[in-house]
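# Structural description and commentary
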Amino acid sequence: MAKKKFQLVKGMSDILPQEQKYWDYVFQTVEQVFRLGGFKKITIPILEFTELFEKSTGQDTDIVQKEMYTFTDLGGNLVSLCPEGTPSVVRAYIEHGMAQWQKPVKLYYIGPMFRYERPQAGRRRQFWQIGYEVFGDGSAASDVEVILIFYQILEKLGISGFTLQINSIGCSKCRAKFKEELLFYYKGRLPEACANCKERFKKNPLRLLDCKERKCQKLVSLSPQIVDLLCSDCKGHFQEVLEFLDDLEIPYNLNPYLVRGLDYYNRTVFEFWPSGDGETSLGSQTALGGGGRYDDLVELFGGKPTPATGAALGVERVIQLIKDQKLKISEPSPIFVFVVQLGDEAKKKSVKLIYQLRKAGIGAESSLGRESIKSQMKTAAKLGISTTLIIGQKEVLDDTVIIKDMNSGVQETVNFNEIIDELKKRLPR
Ligand code: AMP
């Protein structure tokens, strides 16, 4: 019987060794930005009760309706793999009494998310998000801080050519009024809309504005704009946000049709999109990430009313942009010595030497399974390591090691106990 060859589950990815430098670079960069911004790290689980997302992300959103990996566990609990991080962070904020902490409470997280979507460029079923949340500050300045953190991350990564899309979706009162107008506008035009939009019309009218279908885009472009219907408080808040951005000379694009798909947002919403034609291979999945204010969610989850705002960015998309823009990123310091041995005693001594080298902070590689010096040297050359340390039978007896420079061919014998000092003297870091 033919043996089964296993393959990746559709929409999942292996992150191979040659890719890791991008991931390290992104994680290290964002951690630095968050530390400087006074954010504390939180690690959330990948599994939560399904109800958490139904209640926050929203029953009628695509995520909850169609995209969650939901199952009943062996204890009979209905659970889901996290499709996004904000609901978990809000749960943790309440569950661990963070309301008692000095406000604003600023948290960030990095983790895999799961959505059963149609995989394509920039869209996977498991993907990584970097997200952050600020609790306890309802001011426009807090919205701007959240936007600036995102901006700073992109800047610090060296990414150029991105635009900030921004809008306000008001409070529940503004939205109720807007929904009415939207439904009125769409009612007579529904035959022109796609099948999805017909569903959205019934279940989640705001999402009508998110449709990417060409014929629906035309409908969207003439539809009412929520900014025209904001109450005076929400209008004032939004104006303040924009004034801050003007003052800071942060360019933005007022996008009256940006609503973001989730139920919990209010007031400011934003996304960062790569700009420029042909610079990205992300296809139509262009948002690098986004976020907004969600002042009612903590209360909805049983906490005290707490204004909050946050954002998340997609790591795969950011990495794709780094590659598209051919950004130079620093590689981790290379391993620089290769230990070559001949004979059983030498092998034992080599294991000890390798351990001591690494303990002293010197990268060491070897090929202990190979017997011939020639083939070990070849391996060193293939790995691009130009310094080899050789221990043969004579060196075991003399308690010495040969240092050989593979480029010049020059070699020198050094006492075993002095080898680390000697290497530190001659090898650049
Ligand atoms: P959202 O929570 O849908 O606004 O997503 C925030 C960001 O996460 C997006 O802008 C993407 O960068 C990333 N993202 C969301 N869904 C996916 C996906 N299926 N595959 C890859 N990245 C995603």
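Anything mentioned here points back to the structure above.
Let us look at the structure shown here. This structure is a prediction, so every number in the text was calculated from the model and none was measured.

What counts, and where the lines are drawn
Residues numbered from 1 in each chain as written. Predicted model: local features only at pLDDT ≥ 70, side-chain atom pairs only at ≥ 80, totals over all residues. Heavy atoms only, no water. Patch = residues over 30% accessible without salt bridge, like charges linked within 9 Å, V, L, I, M, F, W, Y side chains within 5 Å. Areas by Shrake-Rupley, 256 points an atom, 1.4 Å probe, with all protein chains shown as cover. Salt bridge = Lys/Arg side-chain N within 4 Å of Asp/Glu carboxyl O. Helix = DSSP H or I, 4+ residues; strand = E, 2+ residues; numbered from the N terminus. Buried < 20%, exposed > 50% of the residue type's maximum accessible area, 1.4 Å probe, protein only. Axes fitted to C-alpha atoms, helices over the stretch in contact; angles between N-to-C directions. Parallel < 35°, antiparallel > 145°, perpendicular 65-115°, else oblique. Contact = heavy atoms within 4.5 Å. Nonpolar A, V, L, I, M, F, W, Y, C, P; charged D, E, K, R; others polar. Pairing = 2+ DSSP bridges. Core = buried A, V, L, I, M, F, W, Y, C linked by side-chain atoms within 4.5 Å. Near = heavy atom within 4 Å. Polar contact = N/O pair within 3.5 Å; in protein donor to acceptor, adjacent residues only side chain to side chain. Phe/Tyr/Trp six-rings, centres within 6.5 Å; stacked < 30°, edge-to-face > 60°. Disulfide = S-S within 2.5 Å.

Let us now look at a nonpolar patch on the surface. On the surface, Ile46, Leu47 and Phe71 cluster together into a nonpolar patch covering about 240 Å² of accessible area. By secondary structure assignment, the location of Phe71 is in strand 3 (residues 70-72). Classification of Phe71 as partly exposed rests on a relative accessible area of 38%.

Quick look at the packing of helix 2 (residues 50-58) against helix 4 (residues 86-95) now. With their axes 9 Å apart at the nearest point, helix 2 and helix 4 run at an angle of 110 degrees to one another. The angle between helix 2 and helix 4 falls in the class roughly perpendicular. Residue-level inspection shows Leu52, Phe53, Ser56 and Thr57 of helix 2 in contact with helix 4, the latter providing Pro87, Ser88 and Arg91. Residues belonging to the contact of helix 2 with helix 4 are distributed by class as follows: three nonpolar, three polar and one charged.

Attention now goes to the sheet that holds strand 16 (residues 411-415). Strand order in the open sheet formed by five strands is 13-12-14-15-16, and the pairing between neighbours is mixed. In the strand order of this sheet, the two ends are held by strand 13 (364-366) and strand 16, each with one partner. Averaged over all pairs of adjacent strands, the angle between strand axes in this sheet comes to 30 degrees, irrespective of strand direction. Taken together, the three bridges between strand 12 (residues 337-341) and strand 13 define a ladder with parallel strand orientation. Across the sheet, Val339 pairs through a bridge with Ser366, a residue of strand 13. The sheet strands contacting helix 12 (residues 344-359) are strand 12, strand 13, strand 14 (387-391) and strand 15 (400-405), and the helix crosses strand 12 at an angle near 165 degrees. Together, strand 12, strand 14 and strand 15 form the strand contacts of helix 13 (residues 373-382), whose direction differs from that of strand 12 by roughly 170 degrees.

Below, the discussion takes up unusual backbone geometry. In this chain, Lys103 is followed by Pro104 through a cis amide linkage whose omega measures -5 degrees. Here Pro104 shows up in the loop between helix 4 and strand 5 (105-114). A positive phi angle, near 50 degrees, is found at Lys326, a position not held by glycine. Following the sequence through the fold, Lys326 ends up in the loop between helix 11 (315-324) and strand 12. Judged by its relative accessible area of 70%, Lys326 is exposed. In this structure, Asp399 is a non-glycine residue whose phi angle is positive, near 55 degrees.

Membership of the largest hydrophobic core comes to 54 residues, with the highest contact counts inside it found for Ile42, Phe135 and Tyr186. Of the residues forming this core, the biggest block, five residues, is contributed by helix 6 (residues 172-187). Aside from chain neighbours lying at most four places away, what touches Tyr186 is Phe201, Leu208, Cys216, Leu219, Val220 and Ser223. In terms of nonpolar packing, the next biggest core, distinct from the first, is built from 43 residues, Tyr108, Phe238, Leu313 and Ile322 among them.

All right, on to the site of the ligand then. Surveying the vicinity of the ligand reveals 13 residues, the closest of which are Arg115, Glu117, Arg124, Arg260 and Ala287. At 2.8 Å, a side-chain N or O of Arg115 approaches an oxygen atom of the ligand. Residue Gly289 places a main-chain N or O atom 3.1 Å away from an oxygen atom belonging to the ligand. Relative to its unbound accessible surface of 480 Å², the ligand loses 91% to contact with the protein. Of the residues contributing to the shell around the ligand, the split by class is three nonpolar, four polar and six charged.

Another point: the pairing of strand 5. Most of strand 5 sits out of view: 10 of its 10 residues are buried. One ladder, built from two bridges, connects strand 1 (residues 40-41) with strand 5; its direction is parallel. Looking across to strand 5, one finds that Lys41 is bridged to Tyr108. Strand direction decides the pairing type here: strand 5 and strand 6 (residues 126-135), joined by 10 bridges, are antiparallel. The residue of strand 6 that forms the bridge with Leu107 is Glu133.

Attention now goes to the packing of aromatic side chains. In total, this model carries 20 aromatic pairs according to the counting rule given. Look at Tyr69 and Phe114: their rings are 6.4 Å apart centre to centre, the planes differ by 80 degrees, and that puts the pair in the edge-to-face class. One end of the pair, Tyr69, is in the loop between helix 3 (62-67) and strand 3; the other, Phe114, is in strand 5, and 45 residues separate them in sequence. Between Tyr151 and Phe162 the ring centres are 5.4 Å apart and the planes differ by 80 degrees, which places this aromatic pair in the edge-to-face class. Note that Tyr151 is positioned in helix 5 (residues 140-157) and Phe162 in strand 7 (residues 162-168), a separation of 11 residues in sequence.

Moving on to the state of the cysteines. Counting across every chain of the model gives zero disulfides. Left without a disulfide partner, Cys194 is nearest to the cysteine sulfur of Cys216, which lies 3.7 Å away. You can see Cys231 has no disulfide; the closest cysteine sulfur is in Cys234, sitting 3.6 Å from it.

Shape is all these values report; function is a separate question.
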